[in-house]
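The lines below spell out each chain.
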2 protein chains.
Amino acid sequence: MKRIFDFNRFCENLQAHCALTSTKKFKKDEVITTYLLKRNQICILLSGEAFLIRYTDGGQRHILCTFKKGDAFGETFYRLHTSKELFVLAKKDSEVLFLPYDKLDSCNKECTYHLQLLRELPDLFLNRMTEMNLRTELLACHTIREKLLAYFFSVKKEKGSSSFELPLSLTDLADYLVIDRSAMMREISKMKQENIIMKKGKTFKIIHQNEMEK
Amino acid sequence: MKRIFDFNRFCENLQAHCALTSTKKFKKDEVITTYLLKRNQICILLSGEAFLIRYTDGGQRHILCTFKKGDAFGETFYRLHTSKELFVLAKKDSEVLFLPYDKLDSCNKECTYHLQLLRELPDLFLNRMTEMNLRTELLACHTIREKLLAYFFSVKKEKGSSSFELPLSLTDLADYLVIDRSAMMREISKMKQENIIMKKGKTFKIIHQNEMEK
DNA sequence: TATTTTTTGTTGCTATTGCAACAAAAAAGA
DNA sequence: TCTTTTTTGTTGCAATAGCAACAAAAAATA
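Residues numbered from 1 in each chain as written. Chains lettered and ligands numbered in written order. Predicted model: local features only at pLDDT ≥ 70, side-chain atom pairs only at ≥ 80, totals over all residues.

**Q** Kindly report on the protein's contact with DNA strand C, identifying the contributing residues and their values.
**A** Not every one of the 16 residues close to DNA strand C is listed here, only the nearest: Thr143 and Ser182 of chain A together with Leu170, Ser182 and Met185 of chain B. Elements with a minimum of two residues in the surface near DNA strand C: α3 (144-159) and α5 (181-193) of chain A together with α4 (170-177) and α5 (181-193) of chain B. When the residues that make up the surface near DNA strand C are grouped by side-chain class, the tally is five nonpolar, seven polar and four charged. (Near = placed C-beta within 6 Å. Helix = DSSP H or I, 4+ residues; strand = E, 2+ residues; numbered from the N terminus. Nonpolar A, V, L, I, M, F, W, Y, C, P; charged D, E, K, R; others polar.)

Next up, the structure:
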């Protein structure tokens with residue numbers, strides 16, 4: 001993700017110089033934060049990996065977003081319209097930087113970092129939105145095959161190579177695309193048979209790209 | 001939608017005092033703008049109604065967003081990840097205010113309105129995001145029935161009454177939820193038979209709300 | 001008002017998908 | 001290393017949804 005300013009350096013400065021900032025480490029599968037309460041908190045993933053999760057009434061798990069190093073999250077970035085609780089779960093051991101959103105312009109005089117962040121907020125929002133747009137588009141595909149192909153193309157585009165490893169396990173992918181895992185596996189098998197994709201372990205390759213491309 | 005400041009008044013001031021601002025009227029079914037090019041343009045709907053539309057490769061029409069008076073849109077608010085073109089179509093005769101995003105802080109000294117807008121941008125983004133989150137959640141429902149019920153609840157919540165008129169035609173609703181219209185009609189018939197909903201013309205009412213509620 | 005267009009409503013058929021249940025392989029943990 | 005847990009892979013069956021095609025009602029237009 002292109003960032004207009006040096007995000008890593010910015011985070012370091014924030015930690016070193018801002019009294020309102022705190023960092024915390026999380027073990028795999030721990031809850032980093034929830035989106036139910038108006039926490040007015042911005043979270044930045046310094047290391048590790050995390051998922052934004054919702055459980056449906058039926059008990060199904062949906063993966064709404066995946067966060068990598070440098071991604072900003074928190075309910076500040078996801079205005080809710082239902083009261084269904086969302087969780088951010090550490091997928092791997094992670095370190096997270098927390099800072100309050102509502103105090104962004106009322107920190108002490110020497111702390112210019114909050115103001116800097118304020119200026120970057122529209123861009124951070126847009127980064128979130130881009131990811132959400134992707135998932136929405138995937139969910140809007142009619143068939144499992146179309147969902148998979150659209151997803152594979154997005155990974156291919158991001159990695160810049162026609163062979164790529166999925167950033168998610170197949171189990172997680174099914175929860176991200178909101179499809180039945182076994183039905184998805186069946187479709188993957190069919191696509192292998194029909195020579196549309198190749199699969200060796202975790203590495204996929206798209207062979208026939210007819211339309212859709214780009 | 002709650003706005004922190006008086007949006008209507010703000011638009012009036014902008015039109016009256018800012019040289020970079022322009023307004024234009026559109027007839028029903030005219031294209032207001034497209035999201036393909038980097039227009040760096042912010043659009044505000046002053047009157048009327050508009051849809052954000054995408055056509056799939058298969059020729060299907062998807063309604064991605066619906067805009068009402070006061071809503072802000074433009075590719076600035078929808079960072080794309082594909083090169084698929086999006087259209088904003090006037091659903092009714094409409095009037096739209098246009099202003100350039102990238103010149104927000106470089107207008108003449110007397111024009112304080114751009115700066116004001118800049119401060120409001122995160123909030124405007126979040127309003128957009130809330131609507132997109134709603135649709136994503138609807139698309140994530142497994143069955144047509146669940147999609148419909150979730151949608152009905154969102155309308156009910158917005159209108160504050162258990163009886164409500166849909167803001168979309170049923171044909172448009174199917175394109176918004178990305179489901180086959182005839183299958184949707186069949187499901188609505190079933191739900192009427194099973195006494196889950198009532199329907200008189202365009203007015204719906206939810207009878208059994210078991211879970212899901214709120 | 002009369003005519004055209006759009007929306008609503010209905011149905012049969014078929015393909016797709018979800019569910020359940022299970023086995024094998026791989027990964028994680030002791 | 002051995003054991004346990006998670007992930008991957010497969011299949012039959014039943015329910016759901018999409019497609020096509022059409023008729024009636026409503027809305028828009030002349």
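**Q** So, the sheet that holds strand β2 (residues 31-34) of chain B: which residues are in play, and what are the values?
**A** Residues and elements named next belong to chain B. Within the open sheet, the four strands sit side by side as β2-β7-β4-β5. Their pairing is antiparallel. At either margin of the open sheet sits one strand with a lone partner, and together these are β2 and β5 (61-67). Within the sheet, the average angular offset between the axes of one strand and its neighbour, ignoring direction, is 25°. (Pairing = 2+ DSSP bridges. Axes fitted to C-alpha atoms, helices over the stretch in contact; angles between N-to-C directions.)

**Q** Account for the packing of helix α2 (residues 113-139) of chain A against α3 of chain A, with residues named and values stated.
**A** Helix packing geometry: the angle between the two helix axes and the distance between the axes. All names here are of chain A. The N-to-C vectors of α2 and α3 enclose an angle of 155°; their axes lie 8 Å apart at closest approach. It follows from the interaxial angle that α2 and α3 lie roughly antiparallel. Counting all contacts with α2, which are made through Leu134, Glu137 and Leu138, the residues of α3 involved are Lys147, Ala150, Tyr151 and Ser154. For the contact of α2 with α3, the residue count by class is four nonpolar, one polar and two charged. (Parallel < 35°, antiparallel > 145°, perpendicular 65-115°, else oblique. Contact = placed C-beta atoms within 7 Å.)

**Q** Explain the domain arrangement of chain A residue by residue, including any values.
**A** Residues and elements named next belong to chain A. Domains assigned within chain A are domain 1 (7-139) and domain 2 (144-206). The C-alpha-based centres of domain 1 and domain 2 are spaced at 27 Å. Residue-level contacts link eight residues of domain 1 with 10 residues of domain 2. Looking at the side of domain 1 that touches domain 2, the elements that each hand over two or more residues are β5 (61-67) and α2. In the side of domain 1 that touches domain 2, the residues fall into four nonpolar, two polar and two charged. (Domains from an automatic or database assignment.)

**Q** Account for the protein's contact with DNA strand D, with residues named and values stated.
**A** In the vicinity of DNA strand D there are 16 residues, among which Leu170, Ser182 and Met185 of chain A together with Thr143 and Ser182 of chain B approach most closely. At the level of secondary structure, the elements contributing two or more residues to the surface near DNA strand D comprise α4 (170-177) and α5 of chain A together with α3 (144-159) and α5 of chain B. Broken down by element, the surface near DNA strand D gets its largest block of residues, four residues, from α5 of chain A.

**Q** Tell me what's going on with the sheet that holds strand β2 (residues 31-34) of chain A, and back it up with residues and numbers.
**A** Residue and element names in this part refer to chain A. With antiparallel pairing, four strands are arranged side by side in an open sheet as β2-β7-β4-β5. Every interior strand has two partners, whereas the edge strands, β2 and β5, have only one. Averaged over all adjacent pairs, the angle separating strand axes in this sheet is 25°, with direction ignored. As judged from the four bridges shared by strand β4 (residues 50-55) and strand β7 (residues 87-90), these two strands associate in the antiparallel manner. Across the sheet, Ala50 pairs through a bridge with Ala90, a residue of β7.

**Q** Talk me through unusual backbone geometry; I want residue IDs and the actual numbers.
**A** Although it is not a glycine, Asp29 of chain A sits at a positive phi angle of roughly 75°. Relative to the assigned elements, Asp29 of chain A resides in the loop between β1 (22-26) and β2. Here Val178 of chain B, not a glycine, exhibits a phi torsion of approximately 55°, which is positive. When you line up the elements, Val178 of chain B lands in the loop between α4 and α5. Val178 of chain B sits in the buried class, given 21 other C-beta atoms within 10 Å. (Buried ≥ 20, exposed ≤ 12 C-beta atoms within 10 Å, placed from the backbone.)

**Q** Hey, could you go over the environment of Pro167 of chain A for me, with residue numbers and the actual values?
**A** Residue and element names in this part refer to chain A. Tracing the backbone shows Pro167 in the loop between β9 (163-165) and α4. Looking at Pro167, the number of C-beta atoms within 10 Å reads 14, which means it is partly exposed. Residues Pro167 and Lys202, 35 residues apart in the sequence, show an inter-C-alpha distance of 9.3 Å. Beyond its immediate stretch of four places on either side in the chain, Pro167 contacts Thr66 and Val155.

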